[in-house]
2 protein chains.
Amino acid sequence: MGTPLYQTVIDTIISRIASGELPSGALLPSETQLGSDLGVSQGTARKALIELEKRGLVQRAQGRGTFVTLRTPETSLFNFFRLRSRDGTLNVPQLVSETVTRRPATEDETATLYGRPKEIIQIHRVRSVGGRRATHELSCLPPALYPGIIDRVPLTNALYVLYQRAYSIIIVRADERLRAVGAPPDVAEALKVAPGTPMMRMRREAVDVLDRVVELRTCHLLTEEMDYFVSLS
Amino acid sequence: MGTPLYQTVIDTIISRIASGELPSGALLPSETQLGSDLGVSQGTARKALIELEKRGLVQRAQGRGTFVTLRTPETSLFNFFRLRSRDGTLNVPQLVSETVTRRPATEDETATLYGRPKEIIQIHRVRSVGGRRATHELSCLPPALYPGIIDRVPLTNALYVLYQRAYSIIIVRADERLRAVGAPPDVAEALKVAPGTPMMRMRREAVDVLDRVVELRTCHLLTEEMDYFVSLS
């Protein structure tokens, strides 16, 4: 079974938005022009645009054309970054160490990640805030979506921006679960704190614009000098 | 200085929405009718409706009139309730104990709460989930907004619904800060756990439809069998 033609049009436009070629606010070509550029009918181009509008990537303004409306991780990165100093100022964590490996997936990882991978890429990072080790992060990726990522080490500090630029993966939602735990021995050692130190454990499923879980991240966060800020409405 | 007339119209409509007299989707009287009902000019009624629309309480549909659009705590209570069992099911906490007192405000409480109160009403609650004590909550209120609340004890399990029904206070946003802490002695005793047990500490400012911080809540949450769920986008 081949990919439907309009899906190819969707993928092409997503990749142009992801690369920055079509930034937020940019006007897309008309349906006719788009069809002719991509070798599909005007109807197929229209179908793709309707689908892109449903997903919130573009908006069709009567008589004015179709505009890019999506906020990408690159333009709204801090929506996904909730840690702040007590006074509310943002401290971007700095990389202390990074190890990227390929390993068999756990059952949970297979069940959660897009494509049900049997193996995953694991990005293991320790990051510091204000000169002090503060976060221990394991980010798991389905290898099929991120070809060659191991060869890109060291990775950029903001992974979602890398996913967008290098792999056209635009993360639009993060579903998180938080709980308080005592630091497990390996985390305690990596962060140089006593085992059992109260920490926040966060499990985050990052969902892209095509509704795929493209990253599963498990973090342990030292919140002695930081809070996790969130606004509910 | 008196309250501007259009503010009185706004307050009246908010109180009708809060009481349930005007539920979501209800059609408001026309500007002319509203002005005549409330003894103000049509222009004043219009000014009030424009302001209510800005705040997201109503929507004016050309040629069809003005409709209530607000989701109130009563209709969207679970947006503010983020604790779930590990499997994602909601366990509404059950009241174990409740004490309501009036006491001098701390500096932080005065600075945070609407009206800069020097005294506050404190609602101290312990609640259980699945038969086990799980939350320790201190909710602080500016007394001027909640006349006679001490006489209403025992309060309803869902405080925001009480605030809405009895005081026309409609909470539309909650700004939270979370961190992991070891259980302080008084919390540990109330929840019957060892002091130092890892817990989530949550500080929540509840903001009403008039942009006032109408409650400051500090909770300690045992997350041994629960997670705090949140979706970011």
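Basis of the calculations
- Residues numbered from 1 in each chain as written.
- Chains lettered and ligands numbered in written order.
- Predicted model: local features only at pLDDT ≥ 70, side-chain atom pairs only at ≥ 80, totals over all residues.
- Heavy atoms only, no water.
- Contact = heavy atoms within 4.5 Å.
- Buried area = accessible area lost by both parts, 1.4 Å probe.
- Salt bridge = Lys/Arg side-chain N within 4 Å of Asp/Glu carboxyl O.
- Polar contact = N/O pair within 3.5 Å; in protein donor to acceptor, adjacent residues only side chain to side chain.
- Helix = DSSP H or I, 4+ residues; strand = E, 2+ residues; numbered from the N terminus.
- Least-squares fit on C-alpha atoms with pLDDT ≥ 70 in both.
- Buried < 20%, exposed > 50% of the residue type's maximum accessible area, 1.4 Å probe, protein only.
- UniProt positions renumbered as here; feature names shortened; annotations may be inferred.
- Pairing = 2+ DSSP bridges.
- Axes fitted to C-alpha atoms, helices over the stretch in contact; angles between N-to-C directions.
- Core = buried A, V, L, I, M, F, W, Y, C linked by side-chain atoms within 4.5 Å.

Could you give me a rundown of the interface of chain B and chain A, with the residues and numbers involved?
The partner chain A presents 28 residues to the 28 residues of chain B that form the contact. Taken together, the two surfaces of chain B and chain A that pack against each other cover about 2500 Å², and 53% of this comes from carbon and sulfur. Seen at the junction of chain B and chain A, the total is four salt bridges. With its nearest N and O atoms 3.9 Å apart, the salt bridge here joins Asp227(B) to Arg177(A). On the surface where chain B and chain A come into contact, there are 14 residue pairs in polar contact (both at pLDDT 80 or more). Elements with a minimum of two residues in the side of chain B that touches chain A: β7 (171-182), β8 (198-208) and β10 (226-232) of chain B. In terms of residue count, β7(B) provides more of the side of chain B that touches chain A than any other element does, eleven residues in total.

Now, about the relation of the copies chain B and chain A: what can you tell me, with residues and values included?
In the superposition of chain B on chain A (RMSD 0.1 Å, axial shift 0.1 Å), the rotation amounts to 180°. Between the two chains, the operation in question is that of a two-fold axis.

Give a detailed account of the pattern of salt bridges, specifying residues and quantitative values.
Under the criterion given, the structure shown has 44 salt bridges over all chains. Ionic pairing is found between Asp208(A) and Arg212(A), a salt bridge with its closest N-O pair at 2.8 Å. This pair shows no difference in class: Asp208(A) is buried, exactly as Arg212(A) is. Among the salt bridges present, the one from Glu224(B) reaches Arg132(B), with a minimum N-O distance of 2.9 Å. Taken together, the positions of Glu224(B) in the loop between β9 (213-221) and β10 and Arg132(B) in strand β6 (residues 132-141) put the pair 92 residues apart, joining distant regions of the chain.

Describe in detail the UniProt feature "domain: HTH gntR-type" (unreviewed entry) in chain A, supporting the description with residues and values.
Those places that UniProt annotates as "domain: HTH gntR-type" (unreviewed entry) correspond, in this numbering, to residues 3-71 of chain A. The straight-line gap between the two end C-alpha atoms of residues 3-71 of chain A is 27 Å; of that span, 52% is helix and 12% is strand.

Residues and numbers for the sheet that holds strand β3 (residues 83-85) of chain A, please.
Sheet architecture is open: eight strands sit in the order β3(A)-β10(A)-β7(B)-β8(B)-β9(B)-β6(B)-β5(B)-β4(B), paired in antiparallel fashion. Strands at the two margins of the open sheet, each flanked by one partner only, are β3 of chain A together with β4 (94-104) of chain B. Between one strand axis and the next, the sheet turns through 25° on average, direction left out of account. For β8(B) and β9(B), the ladder comprises eight bridges, and the chain directions are antiparallel. The residue bridging Val207(B) from the neighbouring strand is Val213(B), located in β9(B). Sheet contacts for helix α5 (residues 159-167) of chain B: β5 (119-129), β6, β7, β8 and β9 of chain B; angle to β9(B), the most-contacted strand, approximately 165°.

Requested: an account of the sheet that holds strand β6 (residues 132-141) of chain A, with residues and values cited.
On the basis of which strands lie adjacent, the open sheet formed by eight strands has the order β4(A)-β5(A)-β6(A)-β9(A)-β8(A)-β7(A)-β10(B)-β3(B) and antiparallel pairing. Of all the strands in the sheet, the pair left with one neighbour each is β4 (94-104) of chain A together with β3 (83-85) of chain B. When the angles between neighbouring strand axes are averaged without regard to direction, this sheet yields 25°. For strand β5 (residues 119-129) of chain A and β6(A), the ladder comprises nine bridges, and the chain directions are antiparallel. Counterpart to Ile121(A) in the pairing with β6(A) is Leu141(A). Docked against the sheet, helix α6 (residues 159-167) of chain A engages β5, β6, β7 (171-182), β8 (198-208) and β9 (213-221) of chain A, running at close to 165° with respect to β9(A).

Please provide a residue-by-residue account of the nonpolar core, values included.
Core analysis: the biggest nonpolar cluster contains 66 residues, and Tyr163(A), Tyr228(A), Tyr163(B) and Tyr228(B) have the highest contact counts within it. With residues up to four places along the chain from it excluded, the contact list for Tyr163(B) reads Ile123(B), Leu141(B), Tyr146(B), Ile149(B), Ser168(B), Ile169(B), Ile171(B) and Glu215(B).

So what about unusual backbone geometry? Which residues, and what values?
Residue and element names in this part refer to chain A. In this model, Val 153 is joined to Pro 154 through a cis peptide bond whose omega is 0°. Within the secondary structure layout, Pro 154 lies in the loop between β6 and α6. If you check the backbone angles, Arg 116 has positive phi at about 45° while not being a glycine. Following the sequence through the fold, Arg 116 ends up in the loop between α5 (107-112) and β5. Of note, Lys 192 is a non-glycine position whose phi angle comes to about 60°, a positive value. Turning to its location among the elements, Lys 192 is positioned in the loop between α7 (185-191) and β8.

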